[in-house]
Structures are given as structure tokens and as C-alpha cells.
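Summary of the model geometry
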Amino acid sequence: MKLRQITLALMTAGMLAATVLPVYASSHREAPFITEHPKVDATDFYIFRSYESGRSGYVTIVANYQPLQAPYGGPNYFTLDPEALYEIHVDNNGDAREDITFQFRFNNTLRDTKLDIGGKQISIPLINSGAISATDTRALNVLETYTVNVMRNSRRGNNSLQYVTNAATAERNFAKPVDNIGTKSIPDYAAYANSHIYNVNIPGCQGISRMFVGQRKDPFVVNLGETFDLINTAPTGPVNGKTDSLADSNVTSLVLEIPTACLTNGSEPVIGAWTTASLRQGRLLRSQPSFDRPAKEGGPWVQVSRLSAPLVNEVVIGLKDKNKFNASKPQDDGQFADYVTHPTLPALIELLFNAPAPTNFPRNDLVIAFLTGVSGINQPANVKAAEMLRLNTTTPVTTAGTQSNLGVIGGDNAGFPNGRRPGDDVVDIALRVMMGKLCTINVGCVPTDAAAGGLDLTDGALVNDSMFDSTF
């Protein structure tokens, strides 16, 4: 598989690291508590109108988890947590509350492959005992499967379980491909992974959706050396040519492609979306743990990870509130409003690079960018200010090869922050918006409020749609 020519809707949703603060990568390890639970650490989130030929009537959603997966992560690799609840939420009326939630639960089954050693049957120490292919997985020692449940209205309540099912078999259990162990274990990993793309039926939806869950290459681009050396780089260019310290890192992607009509509500074309992960409130470690029961967990679900627009928890929310943000709901985002209306990031940029920060307070331009959507582009008619990615499902699709990686500020209204596509350079966009780019076009402020609003700030690393295939 070429370094970045990976399937669009199966891409590893990473993003370029901003060279204005020492962050790992988009939402990789973004809050102190989540560093203790990497299996439920959301790294990136995407939502966009599918631009594969003939698929413009669909919306693709990608939630990525478990950052910084090394390709040599054996012998256990990077299964997801069977004791966790991974969710994708959709708000389709602008009230900052979920109307549709897709809930992913995982299960790991040990086959316990044994070998005859001196007349005794002894369990092997590896997750496979031979080669694996799309048509033959008998050598797998651990099978990872998952189910997807759909909740309408509240994600916590007495709603009856409605499972996503395989359109071909009507089964509700799906196989997740094992991670890319290597070419001897899996000679054709692309074909093997592609065999886990499913056509599915979603309860309450007309038409067939598509789904994939599995390990993908992380396309986040960051030069960790210069970034952590007191941001030893030039914020005004040039783009490209930087070392990608994460070139060999992977993430695990949860991918859905859903008919647009299944996500929208009546005459409102704008939907908002975000992903969360939750753990049980109580955990009792077992003194004699087994493969599938190392601990006893119970009690209500407690949300520990939250992600929609990139870089919010990393460079907008103050350090003291990062854990709190990860546990919060969009409907309660008023508690974090000061971080948006009076942001510290522009002031830090001013200190480091002598680029004057915008002077309009409160920063209504950032409220529009982060909390409400832009009027006439992706703002719902009855919007409650809340942090989430918002997508106008009626905005015409921009085909691959003609997209601007600067999205809306580059004249391409089908891009970030109107949803997010894999080729959108969200770091450069966020840097310029934080320093007042919207003021230069009189959105929430005026040009005199932002002396540096016209600067083409960049992290120096390039991403665009040419780095991704345009098919699921």
C-alpha cells in the first residue's frame, strides 16, 4: 500500500500538527487522563458528502481511535477495548443534542491454538500461527468482532436495541481485520482488509449503507523535532518538505457511508456530528486475570473521549479543563465559552512570532467558526452554540482533483469547516482563522481588528486530496 494513496473513506483520519504549540497530532493524547486509556483515545473525525463518482447522495463519517500505533506492535497489536462504548452522534435540528447515535461494541475471542510439544498440547504465544488471506483466516488465534447499534434521540435511555445488519446475510456480528502484522503473515493486506467492507442495512434508513472498521495508515504530518524545539520553524512558509515523524504510525478507523436522507431532518439540510468513547464507572482488577476477564467492570457509562472539529481540545481549551471537555456534551459547551471568545492561542503566536493577535473581544468570528457554523454555509436555522463539525448536505460536491485544501477560506464551500474531507489542510485553516482570517472578509469582525488576518500562516506540511483515492 503506497504511503498515502489509501482508500478515501478508509483513510486514517490524522491531520497536520500545528507548529504553534507542542501537541502530538490532532487529538492524539490531547488531555492528561486520556493518555492513560489509549484504546479509547479519538484521534480525528471526518464528515463529508461522498465524492466518489455516483455517491453524492451519501455522507461519509470517519472516527479514528488509538493513536501512534507502531507497525511493529506485536505480539498483541491494537485491538479495541471490549469493555468500552465507541459512539458517533448526529444532531439534525441544531439543538446540540444527539438525534441519531451509532454505538460500536467489540469482542475478542481466543481460539487458543495449541501445538503438540512432547506429547502435551501447549497454547501458542502469538495471535496467528500461519498465513492469513481474504479467503482463509484459519491461522488467526484471536478473532475480533463487533456490533453496531442505532439509538434514536437520547443515547442513554430505554430505547430498544436496533442493530445494523449485514445486507447480504442479515447477521449483526461483523469481523474486524487483524492489524497489518507483515507480509509473511498477510501477503496481500489490502485485499484482506477490503474483504471487511460491508454493505449494511441501518434500521430506519432506506437504501444500503457501507461500513468498515480496521487499522489504517495515519496521514497526520508532523516534524516532531522542530515542533518541540520551541517551535523552531517558519510559520509563513514554505509549505511541504518537512519530515513526517508519524510516517509509520497507524490508527483504527470506524467508517460509515450513509444515505443523506437517513441523517437529515425535514427541511433542515445541516447536520452536526461528533464522536465519543465511554468506559464503565467501576473497575475491579482481578488477582488471577484471564485472557477475556482481566478485570470486572460495571456501573453506568462515563464518557472519557470527545472529538469533532480538530485541534479544539489541544489548542483552544485550557489545560485545567481538558479532561472536563472530553467528558462533556455539546449541549453544555457554554461552560467553555471564554476559551473561544477570549482565546490564548493568538496571544501565544504573537509572543513567539511577533504576529499581532486580533483585538476584537469577544471573538465573535471564532464563535461562528467553532460553535454555530457560518451563516449561509453550514449554520442550522435554529442553532444552539456548541462545538461540533457541521455539514450542509446540500452544498455541491467538489470532485477529487479540483478541491481546495483550504476549504471555505480557499473558495471551496464543500470543505472544512463545512464538514471535513481528508484533503483539507485543517491546521493551516485553523491557524489563519485563529489569527483573524474571517475579519478580512467581514465575518464576525472587520479587517482593522486583525492586523495579521491576511498572513498565510502554515505549519509547513502539505496535505491535499491528491494524497487519497476517491473511492470507498
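Above this note sits the structure.
Position numbers for residues start from 1 in each chain and track the written sequence from start to end. Side-chain atom pairs in this predicted model are given and counted only at pLDDT of 80 or more, local residue features only at pLDDT of at least 70, and totals for whole chains, interfaces and linings cover all residues. Computation of side-chain values: all heavy atoms of the structure, hydrogens and water removed.

Within the element layout of this structure, Asp 91 appears in strand β3 (residues 84-91). Any N or O atom pair separated by 3.5 Å or less is treated as a polar contact, with the protein-specific requirement of one donor-capable and one acceptor-capable atom, and with residues adjacent in sequence counted only for side-chain atom pairs. In terms of polar contacts, Asp 91 uses its side chain to reach the backbone amide nitrogen of Asn 93, at 3.1 Å. Among the polar contacts made by the side chain of Asp 91, one reaches the main-chain amide nitrogen of Gly 94 at a distance of 3.2 Å. Only heavy atoms matter for contacts: two residues are in contact if any of them lie within 4.5 Å across the pair. Not counting the four nearest positions on each side in its chain, Asp 91 is found in contact with Ala 96, Arg 97, Asp 99, Val 270, Ile 271, Gly 272, Trp 274 and Met 388. A run of H or I in DSSP counts as a helix once it spans at least four residues, and a run of E counts as a strand once it spans at least two, with each numbered from the N terminus.

Attention shifts here to the environment of Ala 450. Take Ala 450: it is sitting in the segment after α8 (426-434). In this view, Ala 450 contacts Pro 358, Met 435, Gly 436 and Cys 439; residues no more than four positions away in its chain are not counted.

Two cysteine sulfurs form what is called a disulfide whenever their separation falls within 2.5 Å. Summed over the entire model, instances satisfying the criterion amount to 1 disulfide. One disulfide bridge connects Cys 439 with Cys 445, the sulfur atoms lying 1.9 Å from each other. Its S-S torsion of approximately -100° makes the covalent link between Cys 439 and Cys 445 left-handed. Residue Cys 439 shares its accessibility class with Cys 445, and that shared class is buried. The cut-offs for exposure are 20% and 50% of the maximum accessible area for each residue type, with area from a 1.4 Å probe on protein chains only; residues under the lower value are buried, those over the upper are exposed, and the others partly exposed.

Judged by nonpolar contacts, the single largest core of 78 residues is most densely connected at Tyr 86, Phe 102 and Phe 104. With 7 residues, the single largest contributor to this core is α8. Those residues in contact with Phe 104 that lie beyond four places of it in its chain are Ala 84, Leu 85, Tyr 86, Ile 88, Tyr 146, Thr 147, Val 148, Met 211, Val 213, Leu 254 and Leu 256. In plain words, nonpolar cores are sets of buried Ala, Val, Leu, Ile, Met, Phe, Trp, Tyr and Cys residues tied together by side-chain atoms within 4.5 Å.

So, on to α8. Since the α-helix packs 3.6 residues into each turn, any two residues three or four apart lie on the same face. Counting buried positions over the 9 residues of α8 gives 9, a clear majority of the element. Buried within α8 are the following residues: Val 426, Val 427, Asp 428, Ile 429, Ala 430, Leu 431, Arg 432, Val 433 and Met 434. Of the surrounding elements, those touching the buried residues of α8 are α6 (345-353) and α7 (364-372). Immediately beyond the C-terminal end of α8, within one or two residues, lies Gly 436, with a positive phi of roughly 105°.

A word on the side chain of Glu 144. Relative to the elements of secondary structure, Glu 144 occurs in strand β7 (residues 142-152). According to the relative accessible area criterion, Glu 144 is buried, its value standing at 7%. Setting aside anything within four residues of it in sequence, one finds Glu 144 in contact with Thr 79, Leu 80, Phe 106, Asn 107, Asn 108, Phe 174, Ala 175 and Lys 176.

Turning our eyes to something else, we now look at the pattern of salt bridges. Salt bridges are counted wherever a side-chain nitrogen of Lys or Arg sits within 4 Å of a carboxyl oxygen of Asp or Glu. Using the criterion set out here, one finds 20 salt bridges in the structure. One salt bridge connects Glu 144 with Lys 176, and the closest N-O pair in it is separated by 2.9 Å. Here Glu 144 is found in strand β7, whereas its partner Lys 176 is found in strand β10 (residues 174-176), with 32 residues between them in sequence. For the pair shown, Glu 144 and Lys 176 are each scored as buried. Salt-bridge contacts for Arg 306 lead to Asp 333; the nearest nitrogen and oxygen are separated by 2.7 Å. Of this pair, Arg 306 sits in strand β15 (residues 295-307) while Asp 333 is found in the loop between α4 (322-326) and α5 (337-341), placing the two residues 27 residues apart along the sequence. For Arg 306, a relative accessible area of 2% corresponds to the buried category.

This brings us to the packing of aromatic side chains. Between rings of Phe, Tyr and Trp, where Trp is taken as its six-membered ring, a pair exists when centres lie within 6.5 Å; planes separated by under 30 degrees are stacked, by over 60 edge-to-face, and by other angles tilted. By the definition in use, this model includes 9 aromatic pairs. Between Phe 48 and Tyr 51 the ring centres are 5.8 Å apart and the planes differ by 40°, which places this aromatic pair in the tilted class. Judged by centre distance (5.5 Å) and plane angle (90°), the rings of Tyr 86 and Phe 106 are edge-to-face. Note that Tyr 86 is positioned in strand β3 and Phe 106 in strand β4 (residues 100-110), a separation of 20 residues in sequence. Residue Tyr 86 is classed as buried on the basis of its relative accessible area of 0%. Joined through ring pairs, the aromatic side chains of Tyr 65, Tyr 86, Phe 104, Phe 106, Tyr 146, Phe 174 and Tyr 198 make up one cluster. As a reminder, the over-ring test applies to NZ of lysine and CZ of arginine, requiring each to be within 6 Å of the ring centre and within 35 degrees of the ring normal. Looking at Arg 172, its charged tip hangs above the ring of Tyr 163, at a distance of 4.1 Å from the centre. Between the NZ or CZ atom of Arg 420 and the centre of the ring of Tyr 46, over which it lies, the distance is 4.1 Å.

The subject of this paragraph is unusual backbone geometry. Of note, the bond from Gly 74 into Pro 75 is cis; its omega dihedral lies within 30 degrees of zero at 10°. Among the secondary structure elements, Pro 75 is positioned in the loop between β2 (58-69) and β3. In this model, Phe 361 is joined to Pro 362 through a cis peptide bond whose omega is 0°. Position of Pro 362 among the secondary structure elements: in the loop between α6 and α7. Phi is positive for Leu 68, close to 55°, though the residue is something other than glycine. Along the polypeptide, Leu 68 turns up in strand β2. The exposure class assigned to Leu 68 is partly exposed, which follows from its relative accessible area of 30%. Of note, the phi angle at Ala 170 is positive, near 70°, even though the residue is not glycine. On the accessibility criterion, Ala 170 (57% relative accessible area) is exposed.

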